[in-house]
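# Structure assessment
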Amino acid sequence: MNKSIVYITQDNNKNYTQAHRFGEPRFVTKGEYSSINNSKQNTLIHEDIKVMAINFNSNTDYLLLSGDPIVISLCVHAILSEQGYIRVLKWSSQDRQYAPIVINT
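Note that the coordinates shown come from a computational prediction; the quantities given were computed from them, not determined experimentally. (Residues numbered from 1 in each chain as written. Predicted model: local features only at pLDDT ≥ 70, side-chain atom pairs only at ≥ 80, totals over all residues. Heavy atoms only, no water.)

## Side note on the nonpolar core
Grouped together as the largest cluster of nonpolar side chains are 18 residues, with contacts concentrated most on Met52 and Leu63. Contributions of two or more residues to this core are made by strand E1 (5–10), helix H1 (40–55), helix H2 (69–83) and strand E4 (85–92). Looking at this core element by element, the count peaks at 7 residues for H2. Setting aside residues no more than four positions away along its own chain, Leu63 makes contact with Tyr7, Thr9, Met52, Phe56, Cys75, Val76, Ile79, Ile86, Arg87, Val88 and Leu89. Formed by 9 residues, the second largest nonpolar core is a distinct cluster that contains Ala19, Phe22, Leu64 and Leu89. (Core = buried A, V, L, I, M, F, W, Y, C linked by side-chain atoms within 4.5 Å. Buried < 20%, exposed > 50% of the residue type's maximum accessible area, 1.4 Å probe, protein only. Helix = DSSP H or I, 4+ residues; strand = E, 2+ residues; numbered from the N terminus. Contact = heavy atoms within 4.5 Å.)

In structure tokens form, the structure reads like this:
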């Protein structure tokens, strides 16, 4: 059986210890999306997201939404386009833990 992976949308130096209970954490990208359309940074982010979407398994993996809202949106769109549904982890400040949520197209 494959171990679940928690893809974290952006590496932004936060503590993701709680995510370990859902799988092995892996960062999708580190950069912020630039307002300059032909930015090399944006090209790298798109490449990182494409690789993640190809490898993402909606049956076992999770996407942890963190960081730049544009990067988050691109990640969600890429996975939904590839697979039709996605499992995400949403942080609950009240419970101080992640709650899994399934999003269907």
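## A few points about the environment of Asp48
Secondary-structure assignment places Asp48 in helix H1. Look at Asp48 and you get partly exposed, because its relative accessible area is 31%. Considered as a pair, Asp48 and Thr9 are 39 residues apart in the sequence and their alpha carbons are 9.9 Å apart. Apart from residues lying up to four places away in sequence, Asp48 is in contact with Val28 and Thr29. Here the side chain of Asp48 touches Thr29 through a polar contact of 3.0 Å, side chain to side chain. (Polar contact = N/O pair within 3.5 Å; in protein donor to acceptor, adjacent residues only side chain to side chain.)

## Describing the sheet that holds strand E3 (residues 62–64)
The strand order across the open sheet formed by 5 strands is E2-E1-E3-E4-E5, and the pairing between neighbours is mixed. Taken across any chain shown, the strands that pair with only one partner, and hence form the sheet edges, are strand E2 (24–29) and strand E5 (97–104). Put simply, the sheet's adjacent strands are angled 35° from each other on average, direction ignored. Looking at chain direction, E4 and E5 are connected through 8 bridges and run antiparallel. (Pairing = 2+ DSSP bridges. Axes fitted to C-alpha atoms, helices over the stretch in contact; angles between N-to-C directions.)

## Here's the deal with the packing of aromatic side chains
Per the stated rule, a full pass over the model turns up 4 aromatic pairs. With a centroid separation of 5.6 Å and 40° between ring planes, the pair formed by Tyr7 and Phe56 is classed as tilted. Pair noted here: Tyr7 is in strand E1 and Phe56 is in the loop between H1 and E3, with a separation of 49 residues, a long-range link. Of the two residues, Tyr7 and Phe56, neither departs from the other in class, the shared state being buried. When the centroid spacing of 5.8 Å and the interplanar angle of 70° are considered together, the rings of Tyr16 and Phe27 count as edge-to-face. Residue Tyr16 is found in the loop between E1 and E2, and its partner Phe27 is found in strand E2; the two are separated by 11 residues along the sequence. Overall, the relative accessible area of 8% leaves Tyr16 in the buried class. (Phe/Tyr/Trp six-rings, centres within 6.5 Å; stacked < 30°, edge-to-face > 60°.)

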